[in-house]
Amino acid sequence: NKDMYILGIETSCDETAASVVKNGHEIVSNVVASQIQSQQRFGGVVPEIASRHHVEQITLVIEEALAKAELSPSDLDAVAVTEGPGLVGALLIGINAAKAFAFANGLPIIGVHHIAGHIYANQLMQPMEFPLLALIVSGGHTELVLMENHGSFKLIGETRDDAAGEAYDKVARVLGLPYPGGPHIDKLALGSEEAVDFPRAWLEPDSYDFSFSGLKSAVINYKHNLEQKGGEVNPAHVAAGFQQSVVEVLTDKTLRAAKEYGVKQVIAAGGVAANKGLRASLDAVFEKEGIPFYVPPIYLCTDNAAMIAAAGSSMFESGKRGSMEMNGRPGMEL
Ligand code: KG4
Ligand code: ZN
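Residues take numbers from 1 onward in each chain, read along the sequence in its written order. By the order in which they are written, chains take letters starting at A while ligands take numbers starting at 1. At least 70 in pLDDT is required for a residue's local features to be given in this predicted model, at least 80 for side-chain atom pairs to be given and counted, and no such filter applies to totals for whole chains, interfaces and linings, which use all residues.

Visitor: In this structure, what is going on with the overall build of the chain? I would like to understand it.
Guide: Tallying secondary structure elements over the chain gives 11 helices and 10 strands in all. Compactness check: the chain gives a C-alpha radius of gyration of 20 Å against a globular reference of 20 Å for 334 residues, within 12% of the reference. Taken over the C-alpha atoms alone, the chain extends approximately 65 × 45 × 30 Å along its principal axes. For the chain, buried positions account for 52% of its 334 residues. Placing C-beta atoms from the backbone, we regard two residues as in contact once those atoms come within 7 Å. Within the chain, counting contacts between residues at least 6 apart in sequence, those at least 24 apart form 75% of the total. By the criteria applied, helices consist of DSSP H or I runs no shorter than four residues and strands consist of E runs no shorter than two, each listed in order from the N terminus. Each radius of gyration is computed over the set of C-alpha atoms, and the globule rule expresses the reference value as 2.2 Å times the number of residues to the power 0.38. Buried, partly exposed and exposed are defined by the number of other C-beta atoms within 10 Å of a residue's own C-beta, namely 20 or more, between the two limits, and 12 or fewer respectively, with C-beta atoms placed from the backbone.

Have a look at this one:
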């Protein structure tokens, strides 16, 4: 029984990443070149600039992932790459690099859904148990996904407007905080003794969908009204109130879904899963409910290629193979 080594490649947004994962759950190397410093100058991700960074970095990052793993291409079983969703120009750089690498080394290529990757980041920490409920919260996503088995994804709720991370980044901007704003709001919120009372978007009583644009507008209106009256906003109080609203809705809906579907494991994934307030809240309710709840460490919550290699490993084992005609799929469905 030979070990299985999968090279993962991720370029869907602003991280250029490559990683080697052994037997689907063991990280052998994990390299991430971040563009955050460059994107900070623009207050967000500029697609064409992201693509240019990827093109500069991708070969170096792949080389480094192999060197750190002390492996040569002939030791690998397959190349897994993010096929979508994401910025199309950014996706194409990773896909083309994966194709060239696979072609040159006679390896199969596997196209991975970015969100499947975020979910499978958990497989690098503990085995997944089904049925499993995943809360995916990132800059582009807010989704509740039910998994009955490996490779089976049922979308039971999603955002109707902004993603949770997008709301964090927009509110941070209103408060004059740097990009990406999530970690700054998290820190301010945790250190604040007071919180502004903002609304919660529950939507219909039985809905697992989310909405964050109303909350974002409420923050903007609060600031506007206060400043009109000559007052000054306390960023910590706003951050705390905003975070309370987001965390309460995310926690409540995740708990309700976990109970309805009788899941054996709940996991959180994506950049916003790094949020300390959210982690504490989910930890508390699932401990009380007696359902195992896991969040990967922060470096596996934010975009990385180990998660893509982990998801790709599961696909490889179930016989899935991509084709050399693979294209970037910006709106790819799970
Ligand atoms: O998963 P990710 O790295 O990239 C996407 O696929 O979107 O997520 C990035 C998002 C950003 O919106 C960032 O502000 C948010 O995750 N984020 C956080 C925290 N750390 C990162 N949001 C809230 N609290 C945090 N501690
Ligand atoms: Zn992501």
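Visitor: Looking at this structure, I do not really get the site of ligand 1. What am I missing?
Guide: Contacts to ligand 1 come from 19 residues, most closely from S138, G139, G165, G182 and G271. Those elements that provide at least two residues to the shell around ligand 1 are α5 (164-174) and α6 (182-190). Looking at the shell around ligand 1 residue by residue, the classes come out as 6 nonpolar, 10 polar and 3 charged. Domain start and stop points were drawn from an automatic or database domain assignment. Counting contributing residues, the shell around ligand 1 receives three or more from each of domain 1 (5-120 + 301-317) and domain 2 (129-295). Nearness here has a simple definition: the residue's C-beta atom, placed using the backbone, must lie within 6 Å of the molecule or strand. Residue polarity follows a fixed list, in which Ala, Val, Leu, Ile, Met, Phe, Trp, Tyr, Cys and Pro are nonpolar, Asp, Glu, Lys and Arg are charged, and the others, Gly among them, are polar.

Visitor: Where do I start with the pairing of strand β8 (residues 154-158) in this structure?
Guide: Side-chain positions along a regular strand alternate between the two faces of the sheet. Should DSSP find at least two bridges between two strands, the strands are taken to pair. By the bridge criterion, 4 bridges tie strand β7 (residues 142-147) to β8 in an arrangement that is antiparallel. Paired with L146 across the bridge in β8 is K154. Hairpin connection of β7 to β8: 6 residues between the antiparallel strands, including G151 at a positive phi of 75°.

Visitor: How should the pairing of strand β9 (residues 265-269) be read in this particular structure?
Guide: Among the 5 residues that make up β9, 5 are buried, leaving the element largely enclosed by the rest of the structure. Here β9 shows two buried faces, one formed by Q265, I267 and A269 and the other by V266 and A268. Bridge count for strand β6 (residues 132-137) against β9 is 5 bridges, and the pairing is parallel. Residue pairing for β9: L135 is matched across the bridge by A268. Taken together, the 2 bridges between β9 and strand β10 (residues 293-294) define a ladder with parallel strand orientation. For V266, the partnering residue across the bridge sits in β10 and is F293. Crossover connection from β9 via helix α9 (residues 276-289) to parallel β10: handedness right-handed. If you view a crossover with the strands going away from you and the path from the first strand over the helix to the second runs clockwise, you call it right-handed.

Visitor: How should the nonpolar core be read in this particular structure?
Guide: Nonpolar side chains in soluble globular proteins tend to end up buried together. To define a nonpolar core, we join buried Ala, Val, Leu, Ile, Met, Phe, Trp, Tyr and Cys residues through C-beta atoms within 7 Å and take the resulting set. Formed by 106 residues in total, the largest nonpolar core has its most connected members in I9, V79, A80, A134 and A309. Residues lining this core come from more than one domain, with at least three contributed by each of domain 1 (5-120 + 301-317) and domain 2 (129-295). Beyond its immediate chain neighbours, meaning those up to four positions away, I9 contacts A18, I62, V79, V81, G94, A97, A98, A305 and I308.

Visitor: When you look at α6 in this model, what are you seeing that I'm missing?
Guide: Note that an α-helix has 3.6 residues per turn; residues three or four places apart therefore point the same way. Within α6, burial applies to G182, I185, D186, L188 and A189. Residues of α6 that are buried make contact with α5, α8 (235-260) and α9.

Visitor: Quick question: what am I supposed to make of helix α11 (residues 306-317) here?
Guide: Its 12 residues place the ends of α11 16 Å apart at the C-alpha level, agreeing with the 16 Å of an ideal helix rising 1.5 Å per residue. Burial runs high along α11: 11 of the 12 residues are buried. For α11, the set of buried residues is A306, M307, I308, A309, A310, A311, G312, S313, S314, M315 and F316. Count one or two residues on from α11 and you reach G319, which has phi positive near 90°. Given a helix with a known number of residues, its expected span is that number minus one, times 1.5 Å.

Visitor: In this structure, what is going on with unusual backbone geometry? I would like to understand it.
Guide: Only a minority of non-glycine residues have a phi that is not negative, and only a minority of peptide bonds are not trans. P85 follows G84 through a cis peptide bond whose omega is -10°. Residue placement: P85 occurs in the loop between β4 (78-84) and α3 (88-105). For the bond from F130 to P131, the omega torsion is -5°, close enough to zero to count as cis. Here P131 lies in the loop between α4 (114-120) and β6. The backbone of N23 sits at a positive phi, close to 50°, despite the residue not being glycine. Topologically, N23 is positioned in the loop between β2 (15-22) and β3 (26-34). N23 gets classed as partly exposed once you count the C-beta atoms within 10 Å, which come to 14. Look at E70: it is not a glycine, yet its phi comes out positive at around 55°. Topologically, E70 is positioned in the loop between α2 (47-69) and β4.

Visitor: Whenever I open this one, the domain arrangement of the chain confuses me. Can you help?
Guide: Accessible area lost upon the coming together of the parts serves often as the stated size of an interface. Along its sequence, the chain is carved into domain 1 (5-120 + 301-317) and domain 2 (129-295). For domain 1 and domain 2, the distance between their C-alpha centroids amounts to 27 Å. Contacts between the two partners involve 12 residues from domain 1, matched on the other side by 19 residues from domain 2. At the level of elements, α1 (36-40), α4 and α11 are the ones that each hand at least two residues to the side of domain 1 that touches domain 2.

Visitor: What's the story with the UniProt feature "binding site: Fe cation" (unreviewed entry) in the chain in this structure? I'm lost.
Guide: UniProt positions are given in the numbering used here, feature names are shortened, and annotations may be inferred rather than shown by experiment. As recorded in UniProt, the feature "binding site: Fe cation" (unreviewed entry) lies at H114, H118 and D303. In three dimensions, the annotated residues from a span of 190 residues occupy one location, with a maximal C-alpha spread of 8.9 Å. By the element assignment, H118 lies in helix α4. When you line up the elements, D303 lands in the loop between α10 (298-301) and α11. The class of D303 is buried, set by 26 C-beta atoms lying within 10 Å. For D303, the residues in contact, after removing those within four places along its chain, are E10, C13, E15 and A17.

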